[in-house]
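Notes for the structure review
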Amino acid sequence: MTTAASKNIHEVSLSPARALVRYIVDSVAQGAKYHLKVVFADGSVHHTARRGTPDITIVFRRRSAEWRMALGGVFEFLESYFDGDVDIVGEQALRRLIQLGFRKPFGRFEHPLTLAKRRWLEWRQNNKDRAQAKRNASFHYGLPMAFFHLVLGDTYGYSEGLWKDDTRDLDQAQHDNFDHICRKLGLQPGDKLIEVGPGWGYMSMLAAEKYGADVTSYGLVGSQNDGMRERMRARGFSGTVTLVEKDHRELADEPGRYDRFVSIGVHEHAGRDCNASWIQSIARGLRPGGIGLISATFNMQARPTNYCTIKHIFPGGFIPSLAQTLLLMEKHGLNLLSIDNRTYHYHRTVEQWLKNFESNWERIRAIDPVRFSETFRRAWLFYLGGAAETFEAAREIINCFHVTFVKGHSADPVAG
């Protein structure tokens, strides 16, 4: 037996942390096509396969990171990766590791430590407090507009595109999706449309210019609203859009004012414990016979949103239950017209965002090297890569849906 091999065996026998890490890595890799290599902080090495070049190499830079994974599970491992105490090396290595996580129950298990930390974050970030809801939204959407342009493209569309056989690129896919939604709503000239969460305004401007709608946009983040106004000026926008800085719950103060409602990629920001107030506000704001559309990602059953996402990406965010949302709609007099599964289109879109993020990273970092740090890069690679896998993995049950509904039982004719 070689000296190195002997050292590796002795290290495992002496280090419970390394024994647990080896066990976890071996269980994740079992039956998989990928060969994993682990390099521990003292230089000792573990392989999940006997031969061949590793597809994924996990390098522990600190011994504390080994204990963190052994005692805290997958999300403590990810936190160590974000902090730079662990490196994940190899072509598409992080993406492949995420794939393995989805294949195994290990990837679904929430460690008790993570459970406690998640619940504490959910309490601290809860959107029931409107000032906290604004802080949560600003954490993500208050990032520089130039960053979102580099990731999302010229439309700044931050939701699923519409990918047809002849779709040329991301910008066309996003435009076609917004246009598709306008037609689903059956927009007519003069219709009063409320959009909650307009982002940088593409949907609101399209609805006003092409379809003649009278649009009111509820944008909660001041800097994002400034960006929307800047884009309207740059385009020479000539439609009717009123942009106000309001929380979605304030829609309840405008009973029966609107003919149409839309929110695209925003319903997830209602937050834990706030879905009922979100649906109630829509029901209050729509007139009888008015039509609405929610485009969002949903679980079928109520499930928590993972700890790393609500800590690093979307504080206060919560992927809602479709079943519970439909029950709330029924309770508040919003009757279902259709549910359209858009998961394939979301997957295609996130793949493009991830590609843009990776290829434009140096330009992103140059915007603000302090804000766009290596920790930020790693957290966003996890977010975008994880989202791409989420909408493709066979074991996953998160989907993107267009939920179209009417207030009452008498709907206006709907085109599209």
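Residues numbered from 1 in each chain as written. Predicted model: local features only at pLDDT ≥ 70, side-chain atom pairs only at ≥ 80, totals over all residues. Heavy atoms only, no water.

1. Details of the confidence of the model for the protein
- When pLDDT is averaged across the protein, the result is 91; 92% of the residues are at 70 or more.
- Taken together, the stretch residues 1-12 has pLDDT below 50 and engages in eleven contacts with residues farther than four places along the chain or on a different chain. (pLDDT = per-residue confidence, 0-100. Contact = heavy atoms within 4.5 Å.)

2. A word on the packing of helix α2 (residues 16-29) against helix α3 (residues 63-72)
- Two numbers describe how α2 lies on α3: the axes approach to 8 Å, and their chain directions differ by 60 degrees. Here α2 lies oblique to α3, going by the angle between them. Handedness of the crossing formed by α2 with α3: left-handed. Of the residues in α3, those in contact with P16, A17, R18, L20, V21, I24 and V25 of α2 are R63, E66, W67, M69 and A70.
- Of the residues belonging to the contact of α2 with α3, the class tally is nine nonpolar, no polar and three charged. (Axes fitted to C-alpha atoms, helices over the stretch in contact; angles between N-to-C directions. Helix = DSSP H or I, 4+ residues; strand = E, 2+ residues; numbered from the N terminus. Parallel < 35°, antiparallel > 145°, perpendicular 65-115°, else oblique. Left-handed = near helix turned anticlockwise from the far one by under 90°. Nonpolar A, V, L, I, M, F, W, Y, C, P; charged D, E, K, R; others polar.)

3. Comments concerning the environment of V403
- As for its placement among the helices and strands, V403 is situated in strand β11 (residues 399-407).
- Exposure remark for V403: the relative accessible area of 1% places this residue in the buried category.
- Between the C-alpha atom of V403 and that of L336, which follows or precedes it by 67 residues, the distance is 7.5 Å.
- Discounting chain neighbours no more than four positions away, the residues touching V403 are G292, L293, I294, F298, L322, L326, M329, L336 and S338. (Buried < 20%, exposed > 50% of the residue type's maximum accessible area, 1.4 Å probe, protein only.)

4. Remarks on the pattern of salt bridges
- According to the stated counting rule, one finds 29 salt bridges in the structure shown.
- In this structure, D226 and R229 form a salt bridge, with 3.3 Å as the shortest nitrogen-oxygen distance. Of this pair, D226 and R229 both sit in helix α11 (residues 222-235), three residues apart, which is roughly one turn of the helix.
- We classify D226 as partly exposed; its relative accessible area is 46%.
- Its relative accessible area of 34% is what places R229 among the partly exposed residues.
- In this structure, R287 engages D259 in a salt bridge whose closest nitrogen and oxygen atoms are separated by 2.5 Å. With R287 in strand β9 (residues 286-298) and D259 in strand β8 (residues 258-264), this residue pair connects regions lying 28 residues apart in the sequence.
- Of the residues examined, R287 reaches a relative accessible area of 23% and is grouped as partly exposed.
- Through salt bridges with shared partners, one network takes in R61, D87, E374, R377 and R378. (Salt bridge = Lys/Arg side-chain N within 4 Å of Asp/Glu carboxyl O.)

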